[in-house]
Every structure is written in C-alpha cells, then in structure tokens.
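Chain and residue survey
The lines below spell out each chain.
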Amino acid sequence: MDTTTQPPPPVQAAYSYCEAVTARQARNFAYGIRLLPTAKRQAMSALYAFSRRVDDIGDGGLGPEDKRSRLEATREVLDRVRRGTVADDDTDPVAVALADAAHRFPLPLEGFDELIDGVLMDVRGAAYETWDDLRVYCRCVAGAIGRLSLGVFGTAPGAREAARAAEYADTLGLALQLTNILRDLREDAANGRSYLPAEELAKFGCSDGFRTAAPPVDGDFTGLVQHQVRRARALFAEGYRLLPLLDRRSGACVAAMAGIYRRLLDRIERDPGAVLRGRVSLPGHEKAYVAVRGLSGLDARTVSRRSERARP
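The text that follows walks through the structure, step by step, so that each part is easy to find. (Residues numbered from 1 in each chain as written. Predicted model: local features only at pLDDT ≥ 70, side-chain atom pairs only at ≥ 80, totals over all residues. Heavy atoms only, no water.)

All chains considered together, the criterion is met by 28 salt bridges. Between Asp-113 and Arg-75 there is a salt bridge whose closest N-O contact spans 3.2 Å. Of this pair, Asp-113 sits in helix α6 (residues 110-123) while Arg-75 sits in helix α4 (residues 64-83), placing them 38 residues apart in sequence. Taking relative accessible area as the criterion, Arg-75 reaches 16% and is therefore assigned buried. The partner of Asp-100 in a salt bridge is Arg-104, and the shortest N-O contact between them spans 2.6 Å. With Asp-100 and Arg-104 both in helix α5 (residues 93-104) and four residues apart, this pair spans about one turn of that helix. For Arg-104, a relative accessible area of 8% puts it in the buried group. One network of salt bridges, in which partners are shared, links Glu-72, Arg-75, Asp-79, Arg-82, Asp-113 and Asp-117. (Salt bridge = Lys/Arg side-chain N within 4 Å of Asp/Glu carboxyl O. Helix = DSSP H or I, 4+ residues; strand = E, 2+ residues; numbered from the N terminus. Buried < 20%, exposed > 50% of the residue type's maximum accessible area, 1.4 Å probe, protein only.)

Glancing now at the side chain of Gln-177. Along the polypeptide, Gln-177 turns up in helix α8 (residues 165-183). Look past the residues within four positions of Gln-177 in its chain and what remains in contact with it is Tyr-137, Cys-138, Val-141 and Ala-142. (Contact = heavy atoms within 4.5 Å.)

Glancing now at the nonpolar core. One finds Leu-107, Phe-112 and Phe-210 to be the most contacted residues of the largest nonpolar core, which totals 103 residues. For this core, the element with the highest residue contribution is helix α12 (residues 248-270), accounting for twelve residues. Not counting residues up to four positions away in its chain, the partners in contact with Phe-112 are Leu-47, Phe-50, Ser-51, Leu-78, Leu-98, Ile-145 and Leu-148. (Core = buried A, V, L, I, M, F, W, Y, C linked by side-chain atoms within 4.5 Å.)

This paragraph deals with the environment of Asp-90. Positionally, Asp-90 belongs in the loop between α4 and α5. Taking the C-alpha atoms as reference, Asp-90 lies 24 Å from Arg-68; in sequence the two are 22 residues apart. Sequence-distant contacts of Asp-90, that is, excluding residues within four places in its chain, are made with Arg-80 and Val-96. Only 2.9 Å separates the side chain of Asp-90 from the backbone nitrogen of Asp-92, close enough to count as a polar contact. (Polar contact = N/O pair within 3.5 Å; in protein donor to acceptor, adjacent residues only side chain to side chain.)

Time to look at a negative patch on the surface. Taken together, the side chains of Glu-129, Asp-132, Asp-133 and Glu-199 make up a negatively charged region of the molecular surface. Tracing the backbone through its elements, the reader meets Glu-129 in the loop between α6 and α7 (131-153). Looking at Glu-129, the relative accessible area reads 45%, which means it is partly exposed. (Patch = residues over 30% accessible without salt bridge, like charges linked within 9 Å, V, L, I, M, F, W, Y side chains within 5 Å. Areas by Shrake-Rupley, 256 points an atom, 1.4 Å probe, with all protein chains shown as cover. Lys, Arg positive; Asp, Glu negative; His and termini not counted. Charge placed at Lys NZ, Arg CZ, Asp CG, Glu CD.)

Okay, the environment of Val-225 next. Inspection of the secondary structure assignment puts Val-225 in helix α11 (residues 221-239). Overall, Val-225 belongs to the buried group, its relative accessible area being 1%. Distance from Val-225 to Val-275, taken between C-alpha atoms, is 9.7 Å for residues 50 residues apart in sequence.

Let us look at α7. Taking the largest bend as the criterion, α7 deviates by roughly 50°, centred on Arg-139. Of the residues trailing α7, Gly-154 is marked for its positive phi of about 70°. (Bend = angle between axes of the 7 residues up to and from the residue.)

Next up on the list: the packing of aromatic side chains. This model, assessed by the stated rule, comprises six aromatic pairs. Seen from their ring centres, Tyr-128 and Tyr-137 are 5.3 Å apart, and the 40° between their planes marks the pair as tilted. Across the pair, Tyr-137 and Tyr-128 agree in class, each one buried. Between Tyr-128 and Tyr-195, the aromatic rings sit 6.2 Å apart at their centres with planes inclined by 15°, giving stacked as the arrangement. Taken together, the residues span a long stretch of sequence, with Tyr-128 in the loop between α6 and α7 and Tyr-195 in the loop between α9 (185-190) and α10 (198-203) at a distance of 67 residues. Accessibility classification places Tyr-128 together with Tyr-195 in one group, the buried group. (Phe/Tyr/Trp six-rings, centres within 6.5 Å; stacked < 30°, edge-to-face > 60°.)

Glancing now at the packing of α7 against α8. At their nearest, the axes of α7 and α8 sit 7 Å apart, and the two run at 120° to each other. By the criterion of interaxial angle, the relationship of α7 to α8 is oblique. In this structure, α7 meets α8 at a crossing whose hand is right-handed. For the contact of α7 with α8, the class distribution of residues is 14 nonpolar, four polar and four charged. (Axes fitted to C-alpha atoms, helices over the stretch in contact; angles between N-to-C directions. Parallel < 35°, antiparallel > 145°, perpendicular 65-115°, else oblique. Left-handed = near helix turned anticlockwise from the far one by under 90°. Nonpolar A, V, L, I, M, F, W, Y, C, P; charged D, E, K, R; others polar.)

This part takes up the packing of α6 against α7. Two numbers describe how α6 lies on α7: the axes approach to 8 Å, and their chain directions differ by 155°. Between α6 and α7, the interaxial angle falls into the category roughly antiparallel. Once α6 is placed against α7, the crossing between them reads as left-handed. Residues Gly-111, Phe-112, Glu-114, Leu-115, Gly-118, Val-119, Met-121 and Asp-122 of α6 form the contact with α7, whose own contacting residues are Tyr-137, Arg-139, Cys-140, Val-141, Ala-144, Ile-145, Arg-147 and Leu-148. Split by residue class, the contact of α6 with α7 holds ten nonpolar, two polar and four charged.

Phi angles above zero are rare outside glycine, and Glu-161 is one such case at about 60°. The residue Glu-161 is located in the loop between α7 and α8 in this model.

All quantities given are derived from atomic positions and should not be read as evidence of function.
Shown next, in the form of structure tokens:
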C-alpha cells in the first residue's frame with residue numbers, strides 16, 4: 001500500500017472528476033470526506049463515483065432488461081479493475097481512479113459486486129416481507145460500502161477489537177441505509193418502491209403506502225416511524241464502536257457522516273410526517289457542529305468509555 005507517491009497527471013484528473021461528482025451528488029458524503037488526508041479523500045471519492053454509477057442505473061428510466069445489461073457492463077469494469085488492466089489514460093475516469101485507489105488501499109472489491117446485486121434486486125422489484133429480508137438488501141447496498149470504506153480508513157495500530165472493524169462498518173452502513181429509507185419514503189413510493197418490511201407495514205396499518213403528503217388515515221404512521229427509528233438507533237450504537245478503532249482523521253470523517261444521519265433521524269423522530277411533506281435535511285451550521293465534534297474526537301472517546309464500562 002503506497003499512499004505517499006503522487007499519482008500521474010491522468011490519474012489526478014480522474015480523481016478530480018470523481019471529486020466533482022461527489023461534491024455535486026452527495027453533499028453530506030462530500031462534507032465528511034473533507035476531513036481526510038488527500039490520498040484517502042481521493043480514494044473515497046472514487047468509491048462514491050463508482051457507487052453513484054451503479055445507483056443511477058438502478059434509478060434511471062431505462063427498462064429492466066437495459067438496466068440489467070448496463071449493470072453487468074459495470075461489473076465488467078469492476079473485473080478490469082480487479083485484474084489491474086485499467087490504463088492510466090483509459091477513457092473512463094471512474095475506472096482509472098478506482099484502479100489507482102485499489103492499488104493504494106486494500107479495498108474488498110467484492111463489496112461492489114454486492115452493491116450491483118442489491119441494485120439488481122431493485123430492478124426485479126423485490127419486496128421485503130420481514131426485517132431479515134430487508135437487512136439482506138441493506139447489507140448489499142450499504143453494508144458493503146461500509147466495508148469498502150474501511151479498506152481506505154484502515155484501523156489504528158494496536159486498536160482493540162480491530163478484528164471486528166468490518167462487522168461494525170457493515171452495521172453502521174445498515175444504520176445509514178435505514179435512515180435513508182425513512183427519509184425517502186415518499187419519493188420511493190412515487191417511484192413504485194416500498195422498502196419497509198411488509199409485515200411491519202401491516203402491523204401499523206400502513207400497507208397502502210405513502211403516495212400523498214398525509215399519513216394513512218387509519219394507520220399508526222407515527223408508531224411505524226418510531227419503530228424504525230429505534231431500530232436505526234440500535235444499529236448506530238453498535239456501528240459507532242468502529243470509531244475508536246480508526247485513526248483521528250478517519251474517525252472524524254466517519255463521525256461527521258454518521259452524525260449528520262443521526263441528526264436527520266432526530267428530526268424524523270420529532271416530526272414523522274416531515275418525510276411525507278419533503279426531503280428532510282440539515283442546515284449548514286448543524287453539519288459544521290457535527291464536523292467539529294468529529295474532529296475533537298468526542299464521539300470516539302464517548303464510545304470508548306462506554307465500551308470499557310461494558311467489559312466484564
């Protein structure tokens with residue numbers, strides 16, 4: 001792993017392209033990775049740009065067969081990265097940047113195969129009867145990205161529980177994805193998608209869906225949302241155990257990104273109906289506060305103290 005050598009100009013240009021995609025398409029993510037040193041920030045932007053390509057195929061307006069074809073073509077690009085056959089002057093800047101990142105960091109590239117598999121589930125119109133079913137999907141589209149990100153971050157020398165870092169990264173990815181599902185409830189319904197478990201929608205009288213700004217008349221929409229919030233909080237609590245295992249700047253990056261989503265979860269809990277009226281977001285000053293907390297190491301120290309108290 002070499003993170004000190006400056007990439008050649010074509011690779012730098014490829015990274016610049018990926019950073020531009022990240023800044024344009026994922027402001028929360030871009031905000032968090034600003035806290036990383038250059039090599040790690042560039043690698044994370046490459047991970048995002050490739051993930052964005054996969055997601056855009058799944059969310060686009062093509063028919064199912066065309067989507068499947070494009071997703072398999074994306075898998076072929078991934079195979080080229082895996083084989084090390086992407087040239088620095090390749091015409092695909094995302095492939096160039098990802099290939100360089102995979103050379104510099106121990107990326108578990110099979111995570112992208114899982115992401116593609118998860119998006120293929122969307123293309124097939126998969127539905128989720130239980131939380132265990134949804135969990136499989138979330139692990140594909142978010143847990144795998146958590147493990148890929150850990151390949152960039154690495155663990156701090158001598159970190160306790162370093163062997164469990166991938167598990168914690170995976171769980172934190174689930175927490176972020178469940179928060180996303182809650183935030184995008186109305187938008188997904190408008191696109192004909194339902195992610196929350198069918199048995200839980202039925203339990204809370206919300207099986208008819210969320211196509212309007214008003215909660216289902218005869219359902220306990222607030223109860224449904226609060227149930228999911230409690231689940232997400234438990235996942236965050238477990239996933240946050242990753243923070244003390246990372247170096248200061250990587251921990252700050254993760255704390256910033258996860259902290260933004262935890263605050264989104266707070267807002268959703270206070271006003272469940274907000275997710276049906278529009279997209280819930282945080283103002284800039286709140287994001288800045290979360291970043292400062294991350295840089296101070298406060299979240300990591302808090303998790304460490306709790307873990308110490310929990311040890312027998």
